[in-house]
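# Descriptive structure summary
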Amino acid sequence: GEDVEQSLFLSVREGDSSVINCTYTDSSSTYLYWYKQEPGAGLQLLTYIFSNMDMKQDQRLTVLLNKKDKHLSLRIADTQTGDSAIYFCAERVSGGYNKLIFGAGTRLAVHP
Amino acid sequence: GAVVSQHPSWVICKSGTSVKIECRSLDFQATTMFWYRQFPKQSLMLMATSNEGSKATYEQGVEKDKFLINHASLTLSTLTVTSAHPEDSSFYICSATGLGGEQFFGPGTRLTVL
């Protein structure tokens, strides 16, 4: 079945890079997404990557995809306190209505 | 562009009453809308998928008679929690997709059932 796994917690010092990892099981996934959720709020799309790409960079964000290992990572450069939030990895499964399967979320804590 | 709103943002109700939550795509027509629920410190769990003018498709384990979904137009879907009980208290989030298939999320509705 479809499953997405993430580590639950990451703590980094302000100014350092953060790397959040995710693994998924559906090899037919077309897109993989990273969402950010702040307390009491909905989900904000940060970035996504198409399954035939290896890397995508968008300002401070770098997404790496290893399709062979079904491993996705999000690197945030120069992490700031405003980056503290929960980050969800999601895969868009093929067929049907393109539903998303979410990981459990990684809580990123940025400290001075 | 691609803004999705939800109303209300929070609601408190008595056990046994019904609560309706609206999800609107403000600047695009949504071919499909999704409803999720999220328990504290947990991930989003897909409840159902709805398409305009047709019956919603519910995920396994979700009671369709308890969680009524109506997708009346290309910009509006509603979720009604019928005969709500404290265990229904949760954060309900909707999303809407346009022609490109990408999901845009609403800000969520926090339901507390006393």
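In this report, we go over the structure that sits alongside the text.

Here is what the cut-offs are and how they apply
Residues numbered from 1 in each chain as written. Chains lettered and ligands numbered in written order. Predicted model: local features only at pLDDT ≥ 70, side-chain atom pairs only at ≥ 80, totals over all residues. Heavy atoms only, no water. Core = buried A, V, L, I, M, F, W, Y, C linked by side-chain atoms within 4.5 Å. Buried < 20%, exposed > 50% of the residue type's maximum accessible area, 1.4 Å probe, protein only. Helix = DSSP H or I, 4+ residues; strand = E, 2+ residues; numbered from the N terminus. Salt bridge = Lys/Arg side-chain N within 4 Å of Asp/Glu carboxyl O. Pairing = 2+ DSSP bridges. Axes fitted to C-alpha atoms, helices over the stretch in contact; angles between N-to-C directions.

Right, let's talk about the nonpolar core for a bit. Grouped together as the largest cluster of nonpolar side chains are 23 residues, with contacts concentrated most on Trp35(B), Leu79(B), Tyr92(B) and Leu111(B). Elements that contribute at least two residues to this core include exactly β2 (10–13), β3 (19–25), β4 (32–38), β5 (44–51), β7 (67–73), β8 (76–81), β9 (90–97) and β11 (109–113) of chain B.

Moving on to the pattern of salt bridges. Residues and elements named next belong to chain B. The final tally for this structure, using the stated rule, is 6 salt bridges over all chains. Across the salt bridge formed by glutamate 22 and arginine 24, the nearest N and O atoms sit 3.4 Å from each other. Overall, arginine 24 belongs to the partly exposed group, its relative accessible area being 34%.

All names here are of chain A. Spatial strand order, β1-β3-β8-β7-β6: 5 strands in an open sheet with antiparallel pairing. Only two strands of the sheet have a single partner each, and these edge strands are β1 (4–6) and β6 (55–58). With strand direction ignored, the average angle separating the axes of adjacent strands in the sheet is 15°. Two strands pair when backbone bridges link them, and β1 and strand β3 (residues 18–24) are joined in this way by 3 bridges, in the antiparallel orientation. For glutamine 6, the partnering residue across the bridge sits in β3 and is cysteine 22.

The subject of this paragraph is the sheet that holds β3(B). Strands pair in a sheet through their backbones, by hydrogen bonds, and they do so in one of two ways: parallel or antiparallel. Residue and element names in this part refer to chain B. Reading across from one edge, β1-β3-β8-β7 is the order of the 4 strands in this open sheet, with antiparallel pairing throughout. Edge strands, defined here as strands with exactly one partner in the open sheet, are β1 (4–7) and β7. The average undirected angle you get between the axes of adjacent strands in this sheet is 15°.

Keep in mind these values describe shape, not function.
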